[in-house]
Amino acid sequence: MKARLLTAAIGIPLFLVILIFFETPVFNGALSLILGVAVYELLQTAQYGKRKLITVVCVAFGALLPWFELPLLKPYRVLLLFAFAAFLFAALLRWHDTLRTEQVSQIFFVSVVYPIALTTLLYIRDDFGASKALYYTVLIFLCAWMSDAGAYFAGRFFGKRKMAPNISPNKTVEGLIGGILASLISVVLVTFGYSALMSYLGEPVSINYLSLTGASVLATFVGVFGDLTASIMKRQNGIKDYGSIMPGHGGVVDRFDSVFFVAPFFYVWLRFFVI
């Protein structure tokens, strides 16, 4: 637990510093770094890292995706995506004796779908205005991380009934409840703080608390779904963690597995419901 808390003590201030540059390319760069490492970890987990050329191209493409929204690259997004797909098909032709079609499909999923999921944070930033987008982004990380923290401590001290013993033996029903409560409490507190701040600045905002509560609860379940999905992938590949870059947490994917699912969920919710 000490390593977990120490990593959080370093990571949270760093996260807040990055949020200061939310409207700048620094935020794009932070997502790019996260995605580059995440794609590398996922490829290594699936044991595709032996093909160094494939690894380099996939990591580069995943890291490049957060920059696709820049005016310079935006007109070429589809072209770059087709170029990457063409590279994978060329790799299949070149190494058809050892590289299978289903493996290419998994490589494409890891290198494209996961990065696009996290890049929805940029879609939110660019579509909803700076102040609201920053607020929504904070909510996304609160739903992902506070539910995880709440589930960890609630499960540690009160957990008795296993939730998915064959997938993640440490997850409990009591932990899930604790995660939902931690997520809701933190979201409500931040929302009141945001509302008070905007009123003080002379820009009062109207917040649909019913929609917000529904989004937060559903986001917690979506985050658990993402966490369990990551656990299945680890279990099927016989590993405990995706990496060791974050002591007490594992790799980047271990820390952001919920965010990869909560971010696109929130983006879709924002497009169809009012928060």
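The paragraphs below set out a description of the structure included in this document. Being a predicted model, the structure only gives us computed values, none of them experimental.

1. Quick look at helix α7 (residues 173-200)
Taking 1.5 Å as the rise per residue, α7 with 28 residues should run 40 Å; its terminal C-alpha atoms sit 41 Å apart, in good agreement. Positive backbone phi, at 80 degrees, marks glycine 202, one or two positions downstream of α7.

2. Side note on the nonpolar core
Cys58, Leu118, Leu121, Ile140 and Phe266 are the most contacted members of the largest nonpolar core, which has 62 residues in total. Counting residues in hydrophobic clusters, the runner-up holds five residues, among them Leu176, Ile180, Val224 and Leu228.

3. Topic: the pattern of salt bridges
Inspection of the entire model under this criterion finds six salt bridges. Residues glutamate 69 and lysine 74 are paired through a salt bridge, measuring 3.8 Å at the closest nitrogen-oxygen approach. By relative accessible area, which is 15% here, glutamate 69 ends up buried. A salt bridge links arginine 100 to glutamate 102, with the shortest nitrogen-to-oxygen separation between them at 2.6 Å. Arginine 100 gets classed as exposed once you look at its relative accessible area, which sits at 52%. The partly exposed category is assigned to glutamate 102, whose relative accessible area is 45%.

4. Some details on the packing of helix α3 (residues 52-64) against helix α4 (residues 77-94)
At a closest axis distance of 11 Å, the pairing of α3 and α4 adopts a crossing angle of 165 degrees. By the angle class used here, α3 and α4 are roughly antiparallel. The interaxial crossing formed by α3 with α4 has left-handed handedness. Across the interface between the two elements, Leu53, Ile54, Val57, Cys58 and Phe61 from α3 touch Leu80, Leu81, Phe84, Phe87, Leu88 and Ala91 from α4. Split into classes, the residues belonging to the contact of α3 with α4 amount to eleven nonpolar, no polar and no charged.

Calculation rules
Residues numbered from 1 in each chain as written. Predicted model: local features only at pLDDT ≥ 70, side-chain atom pairs only at ≥ 80, totals over all residues. Heavy atoms only, no water. Helix = DSSP H or I, 4+ residues; strand = E, 2+ residues; numbered from the N terminus. Expected span 1.5 Å × (residues − 1). Core = buried A, V, L, I, M, F, W, Y, C linked by side-chain atoms within 4.5 Å. Buried < 20%, exposed > 50% of the residue type's maximum accessible area, 1.4 Å probe, protein only. Salt bridge = Lys/Arg side-chain N within 4 Å of Asp/Glu carboxyl O. Axes fitted to C-alpha atoms, helices over the stretch in contact; angles between N-to-C directions. Parallel < 35°, antiparallel > 145°, perpendicular 65-115°, else oblique. Left-handed = near helix turned anticlockwise from the far one by under 90°. Contact = heavy atoms within 4.5 Å. Nonpolar A, V, L, I, M, F, W, Y, C, P; charged D, E, K, R; others polar.

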